[in-house]
Protein chains: 4
Amino acid sequence: MIIKMKKNAAQEDIQKVLNRISEAGLSANVSTGESLTIIGVIGDVTLLRPDLIEEISGVDAVMRVSRPYKLVSREFNPVDRQIKIGSITIGTGNFVMISGPCAVESREQMLSSARIVKRVGADLLRGGAFKPRTSPYDFQGLGEEGLKYLKEASEETGLPIVTEVTGEDKIDIVLKYADVLQIGTRNMRSYDLLKKIGERTKDSKIPVLLKRGDNATITEFLNAAEYIAKEGNENIMLCLRGIRTFECGKFVRNTADMGIIPVLKRETGLPVIFDPSHSSGDRDLVLSYSAAAVAAGADGLIIETHCDPETASCDGKQSLAENQLVQTFKLCRRIRECLVQEKAYSW
Amino acid sequence: MIIKMKKNAAQEDIQKVLNRISEAGLSANVSTGESLTIIGVIGDVTLLRPDLIEEISGVDAVMRVSRPYKLVSREFNPVDRQIKIGSITIGTGNFVMISGPCAVESREQMLSSARIVKRVGADLLRGGAFKPRTSPYDFQGLGEEGLKYLKEASEETGLPIVTEVTGEDKIDIVLKYADVLQIGTRNMRSYDLLKKIGERTKDSKIPVLLKRGDNATITEFLNAAEYIAKEGNENIMLCLRGIRTFECGKFVRNTADMGIIPVLKRETGLPVIFDPSHSSGDRDLVLSYSAAAVAAGADGLIIETHCDPETASCDGKQSLAENQLVQTFKLCRRIRECLVQEKAYSW
Amino acid sequence: MIIKMKKNAAQEDIQKVLNRISEAGLSANVSTGESLTIIGVIGDVTLLRPDLIEEISGVDAVMRVSRPYKLVSREFNPVDRQIKIGSITIGTGNFVMISGPCAVESREQMLSSARIVKRVGADLLRGGAFKPRTSPYDFQGLGEEGLKYLKEASEETGLPIVTEVTGEDKIDIVLKYADVLQIGTRNMRSYDLLKKIGERTKDSKIPVLLKRGDNATITEFLNAAEYIAKEGNENIMLCLRGIRTFECGKFVRNTADMGIIPVLKRETGLPVIFDPSHSSGDRDLVLSYSAAAVAAGADGLIIETHCDPETASCDGKQSLAENQLVQTFKLCRRIRECLVQEKAYSW
Amino acid sequence: MIIKMKKNAAQEDIQKVLNRISEAGLSANVSTGESLTIIGVIGDVTLLRPDLIEEISGVDAVMRVSRPYKLVSREFNPVDRQIKIGSITIGTGNFVMISGPCAVESREQMLSSARIVKRVGADLLRGGAFKPRTSPYDFQGLGEEGLKYLKEASEETGLPIVTEVTGEDKIDIVLKYADVLQIGTRNMRSYDLLKKIGERTKDSKIPVLLKRGDNATITEFLNAAEYIAKEGNENIMLCLRGIRTFECGKFVRNTADMGIIPVLKRETGLPVIFDPSHSSGDRDLVLSYSAAAVAAGADGLIIETHCDPETASCDGKQSLAENQLVQTFKLCRRIRECLVQEKAYSW
């Protein structure tokens, strides 16, 4: 932590800063220029709350030098993390394909969609039984009934289930059915929910797929993961799904954030999954978004598919039909091979 | 709702659209140009889910003409809403001042701060007992102990309490102490929490102060209010607190959204409160931000104050000392008088 | 300038940094922690280009401590600047009203609009003869013919002229007619144009109204002003007109940036003008946006008005009719009086 | 064009709209619901200025259905464009690599850098002689001297030159040396400059590389291209280089917009080039950004390279050394092959 005092800050204020540093059991390095004093803090800075420094009136700026997140940072834990779900391995060079409908709509739709997902060779099956929707008048999901259809589809195909938990009192019910808990973009900053999920899964360590909030900074995203890790479950996959910028709307649903894939891979050892369906909001863009994300180094993709996209009750416009999914998987696997052969990345 | 078909869309697709409209019990008006077909939907459009139309392949765009929110819209309910808390009236031309510390830190700090709030003549007392923080290592609030201090301060000063609910299983405990429930910016899109709060307060109709998510569109903000209203509690105050844009960071904490005050006043009859403390993140800007928000037509302000800003455990940098609060209130009241005398707005 | 080296940076890299500092005639203060080295640069840092430091591989981050702009900064020149145009004074507590049509469309329209502007008591007359339009098929302005009508209107009413220069080879022609040169938002980062305007006006020191680019940071905005000042003309007014964010579109044209008014007033002594017409894009919001900007401490307003808003060839939707302009001016003057009486700001 | 009237708009206002439509020689289709009237305009809508409709007071919204740009749109001209520079072909399935230093700094630096660019097998040589910099105190480029070094490097290596025009009065001098004119991100909305470049190159039809403004919407980007095309030069390459969002700063310089590559390919037949250097601002991200852009369907890359990145006077942090460039080119070519073999895109 570096503390920049205001020009001509009072000696008294400088002393206040030094006192708080020493109260936290840390030591300081004071650098005094003509009109400027800079204080460097030495030691485990997480012991010192920056806000307690910032509010001293002579302080101009406090610059955090080390990361506020710890367990999930590569700085603290340099290895690539590996997540295992039955026979499936995610991370450390293993690529994973997750697919399925946005929402579970009926037994038939779920089963037909799951069969497509199985046929094209995906590893995990997704489907939402609880749907967080912008309007209270939109379809909110089938609830536990949906989870049952999902389970049936999972048992028939052998594909493990990824499904979303939308609130605290849904955790128990979702845990009865899910193999991976998904936390959606709208809840990435619902810290109470994150903590509860961390607590409830600290023993089972069931993997959590955490989606980036559509306006979350990278620091906030990794802090959200840290909330879960701190409670005892570090089996976290980070999922990018597009952000909201001035660009969104007419041509694309979100601004695709595949550029953040290599940044996350550098900052953390957690696997990074990309969602081309929500990033684009348009099935005709899913092929190129998937290819780009794989080329950028993603550890997996989560793609919406539907047995009959035109009747989907949710996000049908961005769902792939089977032939599109086949083409997408094939291209992505080939690009992935190039990366491996060229030793493009560290895995 | 207006549906624009793609250039040279198949007749079959047009028919699909018309079928879905009639299945929803609505009627359609088809306008056919040289290469373009436009379909207008007539009737209660909330009965028709736009996503079911969008996913038909010949459809280019679906434009919602009426609002997706209903109960909270002026279109549906044109009157200004009035919220009563004991002898205090909010909305319909009544101006309200809410103040207090960001977080309850101790009995002494809460009591001293509350006495300032009382002395300067504010109407309601704020203070956070549960704090949603970006990092799990930051101060998370005193919990129920904090609520007790808040209650004691409220009883001594006679000021009703505004305090935040951060998660579903905190609702009951907060309801034991609060006069107004606050929903924070990070939870504005936690729809499960919104629904639960709506359900639990549908009888008491305790007022809810809903903060805008820092990247929420106006439509999303009003939809979030609609989630609460739909469950039975329409006693909602909308609170603007700055948004996140490319501008944030070096000079200001957020981009102040006081420009949305008159937009909300036009779209809805709910009272609109402005938070100059979080908008600016800087106590030296609170005076001008408050003055601007009042001039723009806000129905109230929520301002952070602290008995000793330099020791605040949270957001001390943006907390006012007593003399600054006095100056801010005085200026705001004078501007408010001008607005009334000039009949600037409809109240 | 503070230079943070990467964790365990090579001693060689640290030496490289120190060499470049001393080559620039500056001295350094090295602070070495357990695994971290911080270097503070002492002296006139504008002599050292940060990019020459950043590219050394052991460098993690370079933090500019002093402003990159100098002539226009309060740090360098703490006084409030005053701009005089005939008998009109702008800045140092003097408030100015600028009004007129977006574009000059015809002699009649310009004269009628100017008479309104005169009648309501504005100080300066605006009108665009060269119009920078997003589409090449939109109305591009009347050119010099427009400037002549503007001049005639100015002579009849006695109001000095504010008009835009859209390109380098328009500077001469505009200088023949204008009393204030306007630089539009789209050209704020056309540095060649800024330099040319600075050079051409260094003797006359004709005032320049510089609009903020709709995605310019505050640093970029002040750097743009610095480009002009550096060539010899410091008679610059800064004009805020809304920025582009995720919020823009459905309800407002831009995100109003009145929150930046007090920030600019703190960073620089230049007068700050606010444009409620482009900020909102909606005549029904101009009253509240104007009131808010005045309350926030603006030194003036620039408001679009039109003798017949419904036939305006450009931005008619945001132009005020005479009665709305009267109401807006009246309210703003009253708020301004409150600010003076309350000694709200330093003027 | 679709015009939505306000609820219960006066019949008189509807008539005004219809009059303006017929004055423009177009016909209208009126659709009247219970309280809502929708007017569809039939014919060549570019003849009707939307602003003349919007300002009629009973009009609620005007929705453009066809594109405001014409010459550069696929709707108007469905074929893929091909650009030829000597023996090099760009577009229609031909992939191009452009590389070189950000700025020309000296004869030696330019020659050494050009030899790298040649050795690694790039097609075109970039280098800036005129540099648009945020601060007037930053290095502004060598001017014509730089162009001469660039020419010498081009003659030695046989690589055609891509270099930036920063202002109107630089066009002539740059045309003496350049094979491709670059328009930078800061000037994308300098319409006077765009028009002048279009006029001056309408006979030679020298290719123009137009960079997207960092806050330009896709519509604005294509309108900027239209400005040039309308003057007579349609040999335009579109270049994406990252946009400014809330994300920029700590981890990346810009938000990479490779997600827009397939959108542009759909909207226009012009070649699309991606700039991984400015998108990331970090040489360690250039490999993955390049791979992603190629996978997304880019027609070419423009990558900064430098003979000695650590001494670069501009953007050294994002410049590649030779070995990194070799690795990047190799990976990109392999991914490109996959795309061709898999017939991923239409070329």
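Residues numbered from 1 in each chain as written. Chains lettered and ligands numbered in written order. Predicted model: local features only at pLDDT ≥ 70, side-chain atom pairs only at ≥ 80, totals over all residues. Heavy atoms only, no water.

*Asks:* Just checking my understanding: could you explain the interface of chain B and chain A for this structure?
*Replies:* Size of an interface: often given as the accessible area lost when the parts come together. Chain B puts 54 residues into the contact, and the matching count from chain A is 54 residues. Here chain B meets chain A over a buried area of about 4700 Å², counting both sides, of which 40% is carbon and sulfur. Contact with chain A buries surface across chain B, with B:Glu55, B:Tyr137 and B:Glu310 losing the most and accounting together for 16% of the total. At the junction of chain B with chain A, the criterion picks out 8 salt bridges. Between B:Asp192 and A:Lys170 there is a salt bridge, with the nearest N and O atoms lying 2.4 Å from each other. For the pair chain B and chain A, the interface holds 30 residue pairs in polar contact (both at pLDDT 80 or more). Put simply, the parts of the chain that give the side of chain B that touches chain A at least two residues each are helix 1 (11–23), helix 2 (50–54), helix 6 (191–200) and helix 7 (218–231) of chain B. Residue contributions to the side of chain B that touches chain A peak at 5 residues, all from helix 7 of chain B. Considered class by class, the residues forming the side of chain B that touches chain A number 14 nonpolar, 14 polar and 26 charged. (Contact = heavy atoms within 4.5 Å. Buried area = accessible area lost by both parts, 1.4 Å probe. Salt bridge = Lys/Arg side-chain N within 4 Å of Asp/Glu carboxyl O. Polar contact = N/O pair within 3.5 Å; in protein donor to acceptor, adjacent residues only side chain to side chain. Helix = DSSP H or I, 4+ residues; strand = E, 2+ residues; numbered from the N terminus. Nonpolar A, V, L, I, M, F, W, Y, C, P; charged D, E, K, R; others polar.)

*Asks:* Please explain the relation of the copies chain D and chain B as it appears in this structure.
*Replies:* Here the two chain copies are tied together by a rotation about an axis and a shift along that axis. Aligned on chain B, chain D shows an RMSD of 0.1 Å; the corresponding rotation is 180 degrees and the shift along the axis is 0.0 Å. The two molecules are tied by a two-fold rotation axis, judged by turn and shift. Of the C-alpha atoms belonging to chain D, the one lying closest to the rotation axis is found on D:Phe246, 2.2 Å away. In this assembly, 100% of the residues forming the interface of chain D have copies in chain B that are likewise at the interface, indicating an isologous arrangement. (Least-squares fit on C-alpha atoms with pLDDT ≥ 70 in both.)

*Asks:* For this particular structure, what's the right way to read the nonpolar core?
*Replies:* Here is a general trend for soluble globular proteins: nonpolar side chains tend to be buried in one another's company. Grouped together as the largest cluster of nonpolar side chains are 166 residues, with contacts concentrated most on A:Leu210, A:Phe274, D:Leu210 and D:Phe274. Setting aside chain neighbours within four positions, we find D:Leu210 in contact with D:Ile183, D:Met188, D:Leu194, D:Phe221, D:Ala224, D:Ala225, D:Ile228, D:Ile236, D:Met237, D:Leu238 and D:Cys239. Ranked by size, the runner-up nonpolar core spans 165 residues in total, among them B:Tyr191, B:Leu194, B:Leu264 and C:Leu301. (Core = buried A, V, L, I, M, F, W, Y, C linked by side-chain atoms within 4.5 Å. Buried < 20%, exposed > 50% of the residue type's maximum accessible area, 1.4 Å probe, protein only.)

*Asks:* Is there a simple way to explain the sheet that holds strand 11 (residues 208–211) of chain D in this structure?
*Replies:* The strands making up a sheet are joined through hydrogen bonds of the backbone, oriented either antiparallel or parallel. Residue and element names in this part refer to chain D. Spatial strand order, 7-8-9-10-11-12-13-14: 8 strands in a closed barrel with parallel pairing. Strand-to-strand twist of the sheet, defined as the mean angle between neighbouring strand axes without regard to direction, takes the value 25 degrees. Across 4 bridges, the pairing between strand 11 and strand 12 (residues 236–240) is parallel. Bridge pairing links Val-208 to Ile-236 in strand 12. Its contacts with the sheet put helix 10 (residues 283–296) on strand 13 (272–274) and strand 14 (300–304), and the angle it makes with strand 14 is roughly 165 degrees. (Pairing = 2+ DSSP bridges. Axes fitted to C-alpha atoms, helices over the stretch in contact; angles between N-to-C directions.)

*Asks:* Explain the pattern of salt bridges to me, please; I cannot follow it from the model alone.
*Replies:* Pairing is possible between side chains of opposite charge, provided their charged atoms come close. Residue and element names in this part refer to chain B. Taken as a whole and judged by the stated rule, the model has 106 salt bridges over all chains. Asp-299 is paired through a salt bridge with Lys-265; the nearest N and O atoms lie 2.6 Å apart. Here the residue Asp-299 occupies a position in the loop between helix 10 (283–295) and strand 14 (300–304), and Lys-265 occupies one in helix 8 (residues 261–267), the gap between them amounting to 34 residues. Given a relative accessible area of 0%, Asp-299 falls into the buried group.

*Asks:* What's the story with the pairing of strand 14 (residues 300–304) of chain A in this structure? I'm lost.
*Replies:* Sheet faces and side chains relate simply in a regular strand, where the side chains alternate between the two faces. All names here are of chain A. Counting buried positions along strand 14 gives 5 out of 5 residues, so the element sits mostly inside the fold. The alternating pattern of strand 14 places Gly-300, Ile-302 and Glu-304 and Leu-301 and Ile-303 on opposite faces, both of which are buried. Pairing geometry for strand 7 (residues 96–100) and strand 14, over 5 bridges, is parallel. Following the sheet pairing, Ile-98 is matched in strand 14 by Ile-302.

*Asks:* What's the story with the packing of helix 10 (residues 283–296) of chain A against helix 11 (residues 322–341) of chain A in this structure? I'm lost.
*Replies:* To describe two helices that pack against each other, one gives the angle between their axes and the distance between the axes. Residues and elements named next belong to chain A. Here helix 10 crosses helix 11 at 15 degrees, and the two axes come no closer than 9 Å. In terms of their interaxial angle, helix 10 and helix 11 are classed as roughly parallel. The two elements helix 10 and helix 11 meet at a crossing, and its hand is right-handed. Of the residues in helix 11, those touching helix 10 at Arg-283, Asp-284, Leu-287, Ser-290, Ala-291, Val-294 and Ala-295 are Gln-324, Gln-327, Thr-328, Leu-331, Cys-332, Ile-335, Arg-336 and Leu-339. (Parallel < 35°, antiparallel > 145°, perpendicular 65-115°, else oblique. Left-handed = near helix turned anticlockwise from the far one by under 90°.)

*Asks:* Could you clarify how one ought to interpret the interface of chain D and chain B in this entry?
*Replies:* Taken together, the contact pairs 18 residues of chain D with 18 residues of chain B. Each partner contributes to the roughly 1400 Å² buried at the junction of chain D and chain B, and carbon and sulfur atoms together form 68% of this total. Here chain D is connected to chain B by 0 salt bridges. For the side of chain D that touches chain B, the elements supplying multiple residues, two or more each, are strand 1 (2–5), strand 2 (27–32) and strand 3 (37–42) of chain D. Here the element with the most residues in the side of chain D that touches chain B is strand 2 of chain D; it accounts for 3 residues. When the residues that make up the side of chain D that touches chain B are grouped by side-chain class, the tally is 7 nonpolar, 6 polar and 5 charged.

*Asks:* It is not clear to me how the packing of helix 11 of chain A against helix 11 (residues 322–341) of chain D should be interpreted in this structure. Could you clarify?
*Replies:* Remark: helix 11 of chain A packs on helix 11 of chain D, axes separated minimally by 10 Å, with the N-to-C direction vectors making an angle of 155 degrees. Here helix 11 of chain A is positioned roughly antiparallel relative to helix 11 of chain D, judged by the angle of their axes. Remark: the crossing between helix 11 of chain A and helix 11 of chain D carries right-handed chirality. Residues A:Leu331, A:Arg334, A:Ile335, A:Cys338, A:Leu339 and A:Gln341 of helix 11 of chain A touch helix 11 of chain D, and the partners they reach there are D:Leu331, D:Arg334, D:Ile335, D:Cys338, D:Leu339 and D:Gln341.

*Asks:* Please clarify how the domain arrangement of chain A should be interpreted in this entry.
*Replies:* Partitioning chain A into structural domains gives domain 1 (2–63) and domain 2 (83–341). Domain 1 of chain A and domain 2 of chain A are separated by 43 Å when their C-alpha centres are compared. (Domains from an automatic or database assignment.)

*Asks:* Is there a simple way to think about the environment of C:Arg283 in this case?
*Replies:* As for its placement among the helices and strands, C:Arg283 is situated in helix 10 (residues 283–296). The exposure class assigned to C:Arg283 is buried, which follows from its relative accessible area of 18%. The spatial distance from the C-alpha of C:Arg283 to the C-alpha of C:Ala321 is 8.9 Å, given a sequence separation of 38 residues. C:Arg283 has contacts with C:Pro309, C:Gly316, C:Lys317, C:Gln318, C:Ser319, C:Leu320, C:Gln324 and D:Glu55, leaving out every residue within four places of it along the chain. For C:Arg283, the side chain forms a polar contact with the main-chain oxygen of C:Ser319, separated by 2.9 Å.

*Asks:* Got a minute to help me understand the sheet that holds strand 3 (residues 37–42) of chain C in this structure?
*Replies:* All names here are of chain C. Within the open sheet, the 4 strands sit side by side as 2-3-1-4. Their pairing is antiparallel. With one partner strand each, in any of the chains shown, strand 2 (27–32) and strand 4 (59–63) form the two edges of the open sheet. Put simply, the sheet's adjacent strands are angled 20 degrees from each other on average, direction ignored. Relative to strand 4, strand 1 (residues 2–5) runs antiparallel, the two sharing 4 bridges. Across the sheet, the residue bridging to Ile-3 is Val-62, located in strand 4. Sheet strands touched by helix 1 (residues 11–23): strand 1, strand 2, strand 3 and strand 4. Its angle to strand 3, the strand with the most contacts, is close to 5 degrees.

*Asks:* What is the right way to look at helix 3 (residues 107–119) of chain D in this model?
*Replies:* Residue and element names in this part refer to chain D. Relative to the 18 Å expected for 13 residues at 1.5 Å per residue, helix 3 spans 18 Å between its end C-alpha atoms, a close match to the ideal helical length. All of the buried residues in helix 3 are Gln-109, Met-110, Leu-111, Ser-113, Ala-114, Ile-116 and Val-117. Those residues of helix 3 that are buried lie in contact with strand 7 (96–100), strand 8 (124–126), helix 4 (144–157) and helix 11. Immediately beyond the C-terminal end of helix 3, within one or two residues, lies Gly-121, with a positive phi of roughly 90 degrees. (Expected span 1.5 Å × (residues − 1).)

*Asks:* Explain the side chain of B:Thr185 here, please?
*Replies:* Residue and element names in this part refer to chain B. Tracing the backbone through its elements, the reader meets Thr-185 in the loop between strand 10 (180–183) and helix 6. On the basis of relative accessible area, Thr-185 is assigned to the buried category, the value being 8%. Within the structure, the side chain of Thr-185 is placed 2.6 Å from the backbone oxygen of Arg-212, a separation counted as a polar contact. Residue contacts for Thr-185: discarding those within four places in its chain leaves Lys-211, Arg-212, Gly-213, Asp-214 and Arg-241.

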